[in-house]
Structures are given as structure tokens and as C-alpha cells.
Amino acid sequence: GASCFHDHSIVSIMTISEFVSENAVPLTIAAAGVSLAGVYALRSRDGMRSVPRATDLGGGGGKAIKEGEVEGHWNAYDNYFTQADGAVQSGDKTKAPTFVNTFYNLVTDIYEWGWGQSFHFSPPVKAKSHKAAEEMHEHYISDCAGLKKGMKALDIGCGVGGPMRVIARHSGANVTGITINDYQVQRCRSHNKRAGLDKQCEVVQGNFLEMPFEDNSFDGCYAVEATCHAPAIKEVYKEAYRVLKPGGYFATYEWVTTPMFDKNNKRHVEIIEGINHGNALPDMRTYTDVEEAAKEVGFKVLRTADLALKPHPGYTTHGNWYDRIKIGKAEYNRNDVVVRILQFLGVAPKGTKEVHRMLVDVTYDLSAGGETGIFTPMHLVVCQKPLK
């Protein structure tokens, strides 16, 4: 798996991580391989680490969830997102925002540590690193949203701001992000300051179903694999339409089922339910659902495309978007043992192994979704708000 070591951030290594390092046991968490180490990263002046450490995994080192409460939050999340007929078992999708917040309290540090600051997939590009391909994917959505220097842009569901910072540098736009999770707000502001972009990038805590912005206040909007968490996709698009200036563009990468999905195929349904449970999705939309929702709220849909099948023009892809998360079961099993050791020794809080197990399981579902062609995390929709 890929390593998430950052040499400049390592100050000291815990005894357990020395043991793991000596025995060459990698830890793959959150749909990416990571080299397991109890990393004590350098702190910035705001007290936030540039990279989370092993003891933070499962709840932000007490900043997202109090250490003794991780297990309870995991149990509540697991119960709510258990699937029945392709959606949350209770049928009550209105509670999704609350449990999406719980999800990101549980996994934000794991995602950052194992994947990076951009919580999304991207098409692999020939002769380019994962990071470079990831940034090209972000540049592309920025261009689709028509962002240029001096514009005011909105990142809907910004996470810890990886795409925001790349897009701000690429376009020159002033970017405001919104995330429901307060811990991500803290992480994002810390990263923005560390990157020297705190004057160009800002983040607010809020629900993207009810955004705290005035009508017609942004020149362009985008969402990177974020609106999939919404109970109803139409409500997100309605808000994007409201805050966008007339003539402005909204571009989004959506998680959807493709024309190859068969709702009567038991295996297809199992794969999608696994993806939903492991990623805090109340259900999975079809590619037509998102396109129709955009039209219904008033957008003019300019372009749609599954970038997993037809990637961005101008460069050659090499492999598949899900190749990055594919890894052998033997390695996952070794990783599982390491996580159990960390929890047993009290290095990681109770509940961490369950979160890890979920994130391991969902890599299989995501890969299966890609391999069967029934799922894509990068269905592009480009819309424009009419001038009148």
C-alpha cells in the first residue's frame, strides 16, 4: 500500500510503532494503504498537527470525540446506516446529517493519515503520481465551474479543504468551504494557515441543506464527492442554485449507480449497500436522479459524463480509479491484527478496530462496484443558473 509518512512532521515514534516498523507490517485504513507508525507530527501555532498521529485515530485525539465515547458513537452510526433494500434500515433519512457528522468525527483523522487531505477518488494518469492525478481532477472541476482570479467560489462539503486549497491556487478565486463537521473546520483552518492561504480560503461549519449564505452571493460553486451524504439530492442542488449568482456555474462529482446497475441483481444490491454503510450514505442515487434534480431546481444542465469511463480531455489515464484501494486480503488481515494490538494496549480508543473493519470492508465493495461497472464516484454534472 501507499505510505503516508511525512518526514518533516515526525518528531518521535512510539514503542509500538517501532515494533511494527521493524516487522514491516503496513496498516491500510480508509481506502488507502498507510505505513503504521505512532507519528507525533509538528504542531502549528494553533496546536493542530499537520498530520494526525496514531493515538488520534478514531476521534481526533479528543478534539472530535472524547476518548471514552468513540465506541458508543460507532455503535450509533453502525445501527443507523445498516441497510435494508438499498437505504438506511429505519427509512428515516432526515437523521442522516447528524450521523454524517458522527462519521467524520470517527474517520477524519484516519482519512487524513492514510489518504491525504483530499477525501476523493480520481482517475489515475499515466506517468503521474496519485497526488498529481488528484490535483488534475480538482483543477478540472474548478475549470468546469468557471472559476477565475478574484471570483468568490463555494466548496460544498469541503472536508478538511484539500480540494479548496488546490483550486484556490489553480484558479486564483477566493474560496469559502462549508462542512457539517466542526472538527473538520478546525483542521481546514489550520491547513489553510499552514499553506499561507488563510486570506484566500475560509471555512464555515454548517449544513449544506440550509447554508448560512445570502442569495446570489457566489460567482461559482462546486462539490467534490460530497452531496452523496444528503438525505435528498434535490435539496442540496436547490441551495446551490439559491446562493449562486445568475449566470454562474455549479459543477459536481457525484457518487451514483450507472446504467449497468440492476436493482434485481442481489449481488449488485449488496455491493451498493456496503458502499452506503461504509461511507455514511443514506442511499445511492442513480445517474439520472442527479441530472433530473439539477433540472428540477432550475439549473440548465450543460454537461454530464462518467469520468471513470471517459476521463478528462488532454491526458492519458493508466488503470482504474479503484486501483489505489486494491490490496490483498492477507495484508488487510495483518493490518487488522495491528489495529487490535493498538486498541488492546490503549494506544487507540475502544471502537477503533470496528471503524477500521468497516473501512476495510468498504474497500472491497468500492472495488467491486468499479470492477462490475455498476458504481462510479465521479459522475460529472455541470450546470448553469440562468441569467433570468
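Scroll up to find the structure this text is about.
Here the structure is a predicted model, which means the values were calculated and not measured.

### Here's the deal with the pattern of salt bridges
So, point 1. Using the criterion set out here, one finds 17 salt bridges in the structure.
So, point 2. Across the pair Arg 357 and Asp 361 runs a salt bridge, and its minimum N-O distance is 3.3 Å. One end of the pair is Arg 357 and the other is Asp 361, both in helix H11 (residues 352-372) and 4 residues apart, which spans about a single turn.
So, point 3. Through salt bridges that share partners, Lys 131, Glu 134, Glu 135 and Arg 324 make up one connected network.

### Some remarks on the environment of Thr 363
So, point 1. When you line up the elements, Thr 363 lands in helix H11.
So, point 2. Considered as a pair, Thr 363 and Gly 274 are 89 residues apart in the sequence and their alpha carbons are 9.3 Å apart.
So, point 3. There is a polar contact of 2.5 Å between the side chain of Thr 363 and the backbone oxygen of Val 360.

### Quick word on helix H7 (residues 233-243)
So, point 1. Along H7, the positions that sit buried rather than exposed are Ile 233, Val 236, Tyr 237, Glu 239, Ala 240 and Val 243. Buried residues of H7, viewed axially, fall in a sector of 160°; they line one side.
So, point 2. Where the residues of H7 are buried, they touch strand S5 (152-156), strand S8 (218-224), strand S9 (244-257), strand S10 (285-286) and helix H9 (287-296).

### Topic: the side chain of Ser 171
So, point 1. As for its placement among the helices and strands, Ser 171 is situated in helix H5 (residues 162-171).
So, point 2. One polar contact links the side chain of Ser 171 to the main-chain amide nitrogen of Ala 173, over a distance of 3.1 Å.
So, point 3. The residues contacting Ser 171, other than those within four sequence positions of it, are Ser 142, Leu 147, Lys 148 and Lys 149.

### Overview of unusual backbone geometry
So, point 1. Phi is positive for Asn 216, which is not a glycine, with a value near 55°.
So, point 2. Locating Asn 216 in the fold gives a position in the loop between strand S7 (201-205) and S8.
So, point 3. Classification of Asn 216 by relative accessible area gives partly exposed; the value is 38%.
So, point 4. Positioned with a positive phi, Glu 225 is a non-glycine residue whose angle comes to about 50°.
So, point 5. Tracing the chain through its elements places Glu 225 in the loop between S8 and H7.
So, point 6. Owing to a relative accessible area of 6%, Glu 225 belongs among the buried residues under this scheme.

### Topic: the packing of aromatic side chains
So, point 1. Taken as a whole and judged by the stated rule, the model has 19 aromatic pairs.
So, point 2. When the centroid spacing of 6.2 Å and the interplanar angle of 80° are considered together, the rings of Phe 103 and Tyr 111 count as edge-to-face.
So, point 3. For Phe 103, a relative accessible area of 1% puts it in the buried group.
So, point 4. Using a relative accessible area of 11% as the deciding quantity, one classes Tyr 111 as buried.
So, point 5. With centroids separated by 5.8 Å and ring planes inclined at 70°, the aromatic side chains of Trp 321 and Phe 375 adopt a geometry described as edge-to-face. With Trp 321 in the loop between strand S11 (300-306) and helix H10 (329-344) and Phe 375 in strand S12 (residues 375-384), the pair connects residues that are 54 residues apart, well separated along the chain. The burial state of Trp 321 is the same as that of Phe 375; both residues are buried.
So, point 6. A cation over a ring is seen here: Arg 324 above Trp 115, with NZ or CZ 3.5 Å from the ring centre.
So, point 7. Directly above the ring of Tyr 241 sits Lys 385, whose terminal nitrogen or CZ lies 4.8 Å from the centroid.

The rules behind these values
- Residues numbered from 1 in each chain as written.
- Predicted model: local features only at pLDDT ≥ 70, side-chain atom pairs only at ≥ 80, totals over all residues.
- Heavy atoms only, no water.
- Salt bridge = Lys/Arg side-chain N within 4 Å of Asp/Glu carboxyl O.
- Helix = DSSP H or I, 4+ residues; strand = E, 2+ residues; numbered from the N terminus.
- Polar contact = N/O pair within 3.5 Å; in protein donor to acceptor, adjacent residues only side chain to side chain.
- Buried < 20%, exposed > 50% of the residue type's maximum accessible area, 1.4 Å probe, protein only.
- Arc of directions from axis to C-beta.
- Contact = heavy atoms within 4.5 Å.
- Phe/Tyr/Trp six-rings, centres within 6.5 Å; stacked < 30°, edge-to-face > 60°.
- Lys NZ or Arg CZ within 6 Å of the ring centre and 35° of its normal.

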